[in-house]
Structures are given as C-alpha cells and as structure tokens.
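Next come the chains, spelled out residue by residue.
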Amino acid sequence: MPPSPKPFEERQTQVEEALFGSPPLASALLVEDEEGDVVGLAAYSFLWPSAGSTHSLFLKELYVRDTLRRQGIGVRLMDELRHVASARPGCSRVEWMTDRDNPDARAFYGALGFAEFDGKVVYRVKTGAE
C-alpha cells in the first residue's frame, strides 16, 4: 500500500526549499491560466556528468491539468525544456522517465517523435527521509 500523502503545508515547504533554497535543488517551468492558476508544470534539474564531461537536464515531472490536456501545453513545455537545455553551456541532452504502465505518457512522448530508451535499469533505495 502506498504511503498516504503528506499534508499540503509540508509539501509546499518542501517545494519552496527545493526551488528557492540556496542553492536551489530544482527549477520549474509553469503554465498559468487566465486566472493565474497553475495548469501545467515541468520540474527539472541538471545532472553531471552525462555524456563525456557534459551535463544533462533531467525532467523530473511533467504535469498538465486533466481538463486541458491535448491542447498543446505539454508540447510547449517540452519545447521550452529543450530550449533551456540548449541555452546552457555544456548541456548535451534532456532525459526523463515514465512508468511502463503509463500508456498515455508513453503515447505523448512517442507522438513527439521521442524513442524509448531501454538500455538502462532504474534502481532506487530509500535514505530514511520522506
């Protein structure tokens, strides 16, 4: 059984620390609607090393509000991520993952022309911090 979600205030504090701490652990692109509500986001960070001595932009989370999907928001976010990566000296690629049992995400990335890479196996170990 998955752990229950943390209270909103605790999650908000974690996000603020990650994005605005010194140094920030992550960055995010946000898409807002006319009322200023966030309807899409791409959370990312830079990893090093990547190929050779370069680094990569790692997309941690791509989200578009359910009711606004298939309207180009996700495409714009992916385009902007590639722009962010190419504008950063020494950044050679953009990388991300999705679950094998997420056919919608896999179809979205496939429709953008991105091929699945099956050369890696992901491992994860908990450190005690939740």
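The rules we used
Residues numbered from 1 in each chain as written. Predicted model: local features only at pLDDT ≥ 70, side-chain atom pairs only at ≥ 80, totals over all residues. Heavy atoms only, no water. Helix = DSSP H or I, 4+ residues; strand = E, 2+ residues; numbered from the N terminus. Buried < 20%, exposed > 50% of the residue type's maximum accessible area, 1.4 Å probe, protein only. Lys, Arg positive; Asp, Glu negative; His and termini not counted. Salt bridge = Lys/Arg side-chain N within 4 Å of Asp/Glu carboxyl O. Polar contact = N/O pair within 3.5 Å; in protein donor to acceptor, adjacent residues only side chain to side chain. Contact = heavy atoms within 4.5 Å. Patch = residues over 30% accessible without salt bridge, like charges linked within 9 Å, V, L, I, M, F, W, Y side chains within 5 Å. Areas by Shrake-Rupley, 256 points an atom, 1.4 Å probe, with all protein chains shown as cover. Charge placed at Lys NZ, Arg CZ, Asp CG, Glu CD. Expected span 1.5 Å × (residues − 1). Arc of directions from axis to C-beta.

Peer 1: Is there a simple way to think about the side chain of Asp 33 in this case?
Peer 2: With respect to the helices, strands and loops of the structure, Asp 33 is situated in the loop between β1 (27-32) and β2 (38-47). For Asp 33, which is buried and forms no salt bridge, the nearest opposite charge comes from Arg 65, at a distance of 4.1 Å. Within the structure, the side chain of Asp 33 is placed 3.0 Å from the backbone nitrogen of Glu 35, a separation counted as a polar contact. Not counting residues up to four positions away in its chain, the partners in contact with Asp 33 are Val 39 and Arg 65.

Peer 1: Can you help me understand a negative patch on the surface in this one?
Peer 2: On the surface, a cluster of negative charge is contributed by Glu 32, Glu 34, Glu 35 and Asp 37. Looking at the element boundaries, Asp 37 is found in the loop between β1 and β2.

Peer 1: I tried to follow helix α2 (residues 73-87) on my own but got confused; where do I start?
Peer 2: Each α-helix winds once per 3.6 residues, and so residues spaced three or four apart point in a common direction. Here α2 spans 21 Å end to end across 15 residues, near enough to the 21 Å set by a 1.5 Å rise per residue. Along α2, the positions that sit buried rather than exposed are Ile 73, Gly 74, Leu 77, Met 78, Leu 81, Val 84 and Ala 85. For α2, the angular spread of the buried residues around the axis is 135 degrees, confining them to a single face. Opposite the buried face of α2, at more than 90 degrees from it, the exposed residues are Arg 76, Ser 86 and Ala 87. Close packing links the buried residues of α2 with β1, β2, β3 (55-64), β4 (91-96) and α3 (103-111).

Peer 1: Looking at this structure, how should I read the pattern of salt bridges?
Peer 2: As a working rule, side chains carrying opposite charge can pair if their charged atoms are close by. Per the stated rule, a full pass over the model turns up four salt bridges. The salt bridge partner of Arg 93 is Glu 95, with a shortest N-O separation of 3.4 Å. Look at Arg 93 and you get partly exposed, because its relative accessible area is 36%. Overall, the relative accessible area of 27% leaves Glu 95 in the partly exposed class. The closest approach of N and O atoms between Glu 116 and Arg 106, which form a salt bridge, is 2.7 Å. Taken together, the residues span a long stretch of sequence, with Glu 116 in the segment after α3 and Arg 106 in helix α3 at a distance of ten residues.

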